[in-house]
Amino acid sequence: MVVGVFPAHLQTLTYSINHHRFRSSPEIIIDGEYSNASDVWGFGVLIWEMFTLLDKELNESDEEVSSLPYHQLSSKEEILSYLTQRKRLGQPKSCPDWIYEMMLECWAYNTEDRLKCEDIEHRIKEQVQSTTTDEDQHE
């Protein structure tokens, strides 16, 4: 008899850590090359995971949708093939369009085409300021 020690969400986290290639940028999968650009890719995946998990909590996602990115792919070769075909993770239902558009820019195949950390910070601040301004006008 096998008894689970960790709650289900921590078991998923442990599984995810052991399968980091599912979050990795193409250059990490190919060369093991880490950079600010690969961190930006990972940030995009992290945000996707957060919204995917939120969808599950809100019962807004289909049961077959996994919060593990590229769960249907079993090898780094399959992941690379998927990415070189310009396929990307889909937009979670609870994810605003502007965030998903930013995620897609984080997932540009070529490192030079990805957003920079400062660009991400600027876009988020811009959205927060515009949301705050909109809320102030409605009061």
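Residues numbered from 1 in each chain as written. Predicted model: local features only at pLDDT ≥ 70, side-chain atom pairs only at ≥ 80, totals over all residues. Heavy atoms only, no water.

Looking at an unreviewed UniProt entry, one finds the chain named Tyrosine- kinase, with Paramuricea clavata as its source organism.

Colleague: Can you explain the packing of aromatic side chains? Please cite residues and give values.
Modeller: In this description, an aromatic ring pair is defined by two values, namely the gap between the centres and the angle between the planes. Tallying each qualifying case throughout the model produces two aromatic pairs. On the basis of an interplanar angle of 70° and a centroid distance of 5.5 Å, the ring pair of Tyr 70 and Tyr 82 is categorised as edge-to-face. Residue Tyr 70 is found in the loop between α3 (36-57) and α4 (76-84), and its partner Tyr 82 is found in helix α4; the two are separated by twelve residues along the sequence. By relative accessible area, Tyr 82 is classed as buried at 16%. Seen in terms of ring centroids, Tyr 100 and Trp 107 are 6.5 Å apart; in terms of plane orientation they differ by 75°. Their pairing is edge-to-face. The exposure classification of Tyr 100 matches that of Trp 107, with both residues buried. (Phe/Tyr/Trp six-rings, centres within 6.5 Å; stacked < 30°, edge-to-face > 60°. Helix = DSSP H or I, 4+ residues; strand = E, 2+ residues; numbered from the N terminus. Buried < 20%, exposed > 50% of the residue type's maximum accessible area, 1.4 Å probe, protein only.)

Colleague: Lay out α3 in plain terms, naming residues and giving numbers.
Modeller: Compared with an ideal rise of 1.5 Å per residue, which puts 22 residues at 32 Å, α3 spans 31 Å between its outermost C-alpha atoms and is within 8% of the ideal. Those residues of α3 that fall on the buried side of the exposure criterion are Ala 37, Ser 38, Val 40, Trp 41, Gly 44, Val 45, Ile 47, Trp 48, Glu 49, Phe 51, Thr 52 and Asp 55. Two or three places before Ala 37, at the opening of α3, Ser 35 has a side-chain oxygen 3.2 Å from that residue's backbone nitrogen. Asn 59 sits one or two residues past α3 and shows a positive phi near 55°. (Expected span 1.5 Å × (residues − 1). Polar contact = N/O pair within 3.5 Å; in protein donor to acceptor, adjacent residues only side chain to side chain.)

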